[in-house]
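# Working through the structure, step by step
Next come the chains, spelled out residue by residue.
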2 protein chains.
Amino acid sequence: MSKLFVMGMGPGDLGLVAPNATKALNACSDWVAYGYYLELLGELSQGKTFHDLPLGEEIGRARLALDLAAQGKTTALISSGDIGIYAMATLVFELLDQQLQGKENHPEWLDVEIEVIPGISAMQAGASRVGAMLGHDFCTVSLSDLLTPWETIDKRIHAAGAGDFVISFYNPVSRKRDWQLNHARDVLLQYRPATTPVMIGRQLTRPEENITFTTLGELDAKDVDMFTMVSVGNSESRHIQNGDKHWIYTPRGYSKKL
Amino acid sequence: MSKLFVMGMGPGDLGLVAPNATKALNACSDWVAYGYYLELLGELSQGKTFHDLPLGEEIGRARLALDLAAQGKTTALISSGDIGIYAMATLVFELLDQQLQGKENHPEWLDVEIEVIPGISAMQAGASRVGAMLGHDFCTVSLSDLLTPWETIDKRIHAAGAGDFVISFYNPVSRKRDWQLNHARDVLLQYRPATTPVMIGRQLTRPEENITFTTLGELDAKDVDMFTMVSVGNSESRHIQNGDKHWIYTPRGYSKKL
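All values derive from a computational prediction rather than experimental measurement. Numbers given to residues run from 1 along each chain, matching the order in which its sequence is written. By the order in which they are written, chains take letters starting at A while ligands take numbers starting at 1. The model is predicted, so local features are restricted to residues of pLDDT at least 70 and side-chain atom pairs to those at 80 or more, both for listing and for counting; the totals for chains, interfaces and linings are taken over all residues. Neither water nor hydrogens contribute to the side-chain values; these are computed over all heavy atoms in the structure.

## Focus on the packing of helix α6 (residues 150–162) of chain B against helix α7 (residues 179–188) of chain B
All names here are of chain B. Just so we agree on the cut-off: Here an angle of 0 to 180 degrees is reported between the N-to-C directions of two axes, which are lines fitted to C-alpha atoms, with helices fitted over the stretch in contact. Strands here mean DSSP runs of E at least two residues long; helices mean DSSP runs of H or I at least four residues long; both are numbered from the N terminus. Take the far helix as the reference: if the near one is turned anticlockwise from it by less than a right angle, the crossing is left-handed, and if turned clockwise, right-handed. Whether two residues are in contact is decided by their heavy atoms, any of which lying within 4.5 Å being enough.
Orientation of α6 relative to α7, taken along the N-to-C sense of each, is 35°, at an axis distance of 9 Å. Note that α6 runs across α7; the crossing there is right-handed. Contact with α6, carried on its side by Trp150, Asp154, Ile157, His158 and Gly161, involves Trp179, Gln180, His183, Ala184, Val187 and Leu188 of α7 and no other residues of that element.

This is the structure:
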């Protein structure tokens, strides 16, 4: 039986990679990933065959991973974070679905055993670094309109505002795209105070990590890049300071009982 | 410096516990948790002092963890899943906040160094076991009205429906509470088709794991208990079958490019 592991390697710190993922990586002969992620895995990667396809070649990466596994090579398709969250896992199943519908000509893909291994996503890394930002109901919204119509994204920002969810923005900006985050801020300001705490987490859990505490009113896309996670609190989230240490937490409502 | 680690141990499979969490557990003399979680950690727990407070004593657990750490004992406050997601982390910071406001009389808490270590949450365990259910924008809603007014929960279910988010329900039922999940289903049926795929994941990643694939129209609280995660797809999520293997994935929109 040929096998494909589809796995997320967490935000960057190897100490957050699940042992199941490390074990599977060791069992694989072939690794398929965007090169930057392979670099993060440095010490684990000796003796493996790399298939390093650039950003933007997501479909090619998913096809290649299925092809390699179908050829009998135990293969790892790797992303950072959780590969099930805005990442490659869904594309593997979308390709399988196409094959099941007869729209692809790769019946050998259907014989591949697939195992998905989750990882720590950026929203969790950020929330933990600043305290407990995801302590109550939350949502995620990707601001990339490469694959999703902007109307859908805009609808979701409004819904997130109306529901008073803590919101984590994935793909908040890109080199060619910077107005969406400020638009999202302006939408959310219709629903929650300008003082709402915001975390801007860059390169979370990596040596170059940099975390900024700001507010919804002060949030500006110019302070954000592609390596950044932006999380906006709900209307009850609090930014507190103990000496020089800052925290953001979103209460669950225990204070009524304290 | 006294230190408190606030850590999530993932859904149950020890192979999903972050090495940083395991390392911190080993460094601690005192573990504070609900007993069931301590059982899951079995082999790791030799030589530790347990502080096993029952379900419902969340505030007591957070206080005890801060107290022990303030006494100089390196302490772990432990939950399953991600302790930052509907779990104990937020309560630690809520207590700190109370102290900072002078509403508690524990200035020693302010000297405790706190490190939060995230874990794999049940929604991620479930999504990975069935494929890629969280492949696009998603939200979480806790159906427990112990601490949150039902009006707030109801508003969030409507917002999740209006935004067409994939939805993971935490605390979907309890011994005394079973109507909320069916109500949530009825609300979501106003926004998405009865054929929308639903995962019912019981005891995810544990030896007794049991996963049921159903639809929004067929979802019924009688099939759900306290050890269960319920995730509802968005209007584009697909349930596919390859031989006897079932998957659910939520497409990101690559099909336009396939």
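On we go.
## Focus: the packing of aromatic side chains
Stated formally: Side-chain rings of Phe, Tyr and Trp, where Trp is taken by its six-membered ring, are said to pair if the distance between their centres is within 6.5 Å; with planes under 30 degrees apart they count as stacked, over 60 as edge-to-face, and otherwise as tilted. Burial classification: accessible surface area is computed with a 1.4 Å probe over protein chains only, and a residue below 20% of its type maximum counts as buried, one above 50% as exposed, and the rest as partly exposed. The criterion for a charge sitting over a ring is simple: Lys NZ or Arg CZ within 6 Å of the ring centre, and within 35 degrees of the ring normal.
Enumeration according to the criterion identifies 8 aromatic pairs over all chains in this entry. Where tyrosine 86 of chain B meets tyrosine 170 of chain B, the ring centres are 4.9 Å apart and the plane angle is 45°; that geometry is what we call tilted. Residue tyrosine 86 of chain B is located in the loop between β4 (75–79) and α4 (89–100), and its partner tyrosine 170 of chain B is located in strand β8 (residues 166–170); the two are separated by 84 residues in the primary sequence. According to the relative accessible area criterion, tyrosine 170 of chain B is buried, its value standing at 10%. Over the ring of phenylalanine 165 of chain A we find arginine 156 of chain B, and its NZ or CZ is 6.0 Å from the ring centre. Over the ring of tryptophan 247 of chain B we find lysine 245 of chain B, and its NZ or CZ is 4.7 Å from the ring centre.

## Observations regarding the nonpolar core
Taken as a class, soluble globular proteins show a tendency for nonpolar side chains to be buried jointly. Rules: Joining through side-chain atoms within 4.5 Å is the link that ties buried Ala, Val, Leu, Ile, Met, Phe, Trp, Tyr and Cys residues into a set, and such a set is a nonpolar core.
The biggest cluster of nonpolar side chains holds 48 residues, and the ones touching the most others in it are Ile157 and Phe169 of chain A together with Ile157 and Phe169 of chain B. Once you skip the residues sitting within four places of it in the chain, phenylalanine 169 of chain B turns out to touch Val141, Leu143, Ile157, Leu181, Ala184, Leu188, Met229, Val230 and Val232 of chain B. Within the second largest apolar cluster, 36 residues are counted, among which are Met9, Leu41 and Ala76 of chain A together with Leu38 of chain B.

## A few points about the relation of the copies chain B and chain A
Going by this rule: A least-squares superposition brings the copies together, and it is based on the C-alpha atoms of residues with pLDDT no lower than 70 in both.
Superposing chain B onto chain A requires a rotation of 180° together with a translation of 0.0 Å along the rotation axis, leaving an RMSD of 0.0 Å. With respect to symmetry, the two chain copies, as superposed, fit the operation of a two-fold axis. Closest approach to the rotation axis within chain B is made by the C-alpha atom of cysteine 139 of chain B, at a distance of 2.0 Å. Same-surface contact between copies: 100% of interface residues of chain B are shared with the interface of chain A.

## Notes on the interface of chain B and chain A
Under the convention used in this document: The term buried area denotes the loss of accessible surface (1.4 Å probe radius) that occurs when two parts are joined, taken as the sum for both partners. Counted as salt bridges are all cases of a side-chain nitrogen of Lys or Arg within 4 Å of a carboxyl oxygen of Asp or Glu. Polar contact is the term for a pair of N or O atoms within 3.5 Å; when the atoms are in protein, one must be able to donate a hydrogen and the other to accept it, and sequence-neighboring residues count only if both atoms are side-chain atoms. Side-chain classes are defined by residue name, with Ala, Val, Leu, Ile, Met, Phe, Trp, Tyr, Cys and Pro counting as nonpolar, Asp, Glu, Lys and Arg as charged, and the others, Gly among them, as polar.
Chain B puts 76 residues into the contact, and the matching count from chain A is 76 residues. When residues of chain B are sorted by the area they lose upon contact with chain A, Leu147, Arg156 and Arg252 of chain B head the list and together hold 11% of the total. Close ionic contact of aspartate 164 of chain B with arginine 156 of chain A constitutes a salt bridge, the shortest N to O distance being 3.7 Å. Inspection of the region where chain B meets chain A yields 35 residue pairs in polar contact (both at pLDDT 80 or more). It is α4 of chain B that contributes the most residues to the side of chain B that touches chain A, 10 residues altogether. A breakdown of the residues in the side of chain B that touches chain A according to their chemical character gives 38 nonpolar, 25 polar and 13 charged.

## Thoughts on the domain arrangement of chain A
All names here are of chain A. Selection criterion: Here the limits of each domain have been adopted from an automatic or database domain assignment.
Taken domain by domain, chain A comprises domain 1 (3–120) and domain 2 (123–256). On a C-alpha basis, the centroid separation for the pair domain 1 and domain 2 is 28 Å. Between domain 1 and domain 2, the contact holds 12 residues from the first and 14 residues from the second. Taken together, the two surfaces of domain 1 and domain 2 that pack against each other cover about 880 Å², and 59% of this comes from carbon and sulfur. Where domain 1 packs against domain 2, one counts 0 salt bridges. Along the contact surface separating domain 1 from domain 2 lie 5 residue pairs in polar contact (both at pLDDT 80 or more).

## What to know about a nonpolar patch on the surface
All names here are of chain A. Using the following cut-off: Patch membership requires more than 30% relative accessible area and the absence of a salt bridge. Residues of like charge join within 9 Å; the nonpolar side chains Val, Leu, Ile, Met, Phe, Trp and Tyr join within 5 Å. Methods summary: accessible areas were calculated by the Shrake-Rupley approach with a probe of 1.4 Å, and residue burial reflects only the protein chains presented.
Taken together, the side chains of Leu55, Met226 and Phe227 present a nonpolar region at the surface, about 270 Å² in accessible area. Looking at where methionine 226 falls in the secondary structure, it is placed in the loop between β10 (210–215) and β11 (228–232). Its relative accessible area of 40% is what places methionine 226 among the partly exposed residues.

## Focus: the pattern of salt bridges
The full count for this structure, using the stated rule, is 24 salt bridges over all chains. Between arginine 156 of chain B and aspartate 137 of chain A there is a salt bridge; the shortest N-O distance is 2.8 Å. Placement of the pair is arginine 156 of chain B in helix α6 and aspartate 137 of chain A in the loop between β6 (131–132) and β7 (138–142), with the two residues belonging to separate chains. Classification of aspartate 137 of chain A as buried rests on a relative accessible area of 0%. Note that arginine 185 of chain B is salt-bridged to aspartate 186 of chain B, the shortest N-O span being 3.0 Å. Owing to a relative accessible area of 14%, arginine 185 of chain B belongs among the buried residues under this scheme. Within the structure, one salt-bridge network assembled from shared partners comprises Asp137, Asp164 and Arg192 of chain A together with Arg156 of chain B.

## Some words on the state of the cysteines
Cysteine pairs can be covalently joined through their sulfur atoms, and such a bond is termed a disulfide. Rules: Disulfide: a pair of cysteine sulfur atoms within 2.5 Å of each other.
According to the stated counting rule, one finds 0 disulfides over all chains in the structure shown. Of all cysteine sulfurs in the structure, the one in cysteine 139 of chain B sits closest to cysteine 139 of chain A, which takes part in no disulfide; the separation is 6.5 Å. For cysteine 139 of chain A, a relative accessible area of 0% corresponds to the buried category.

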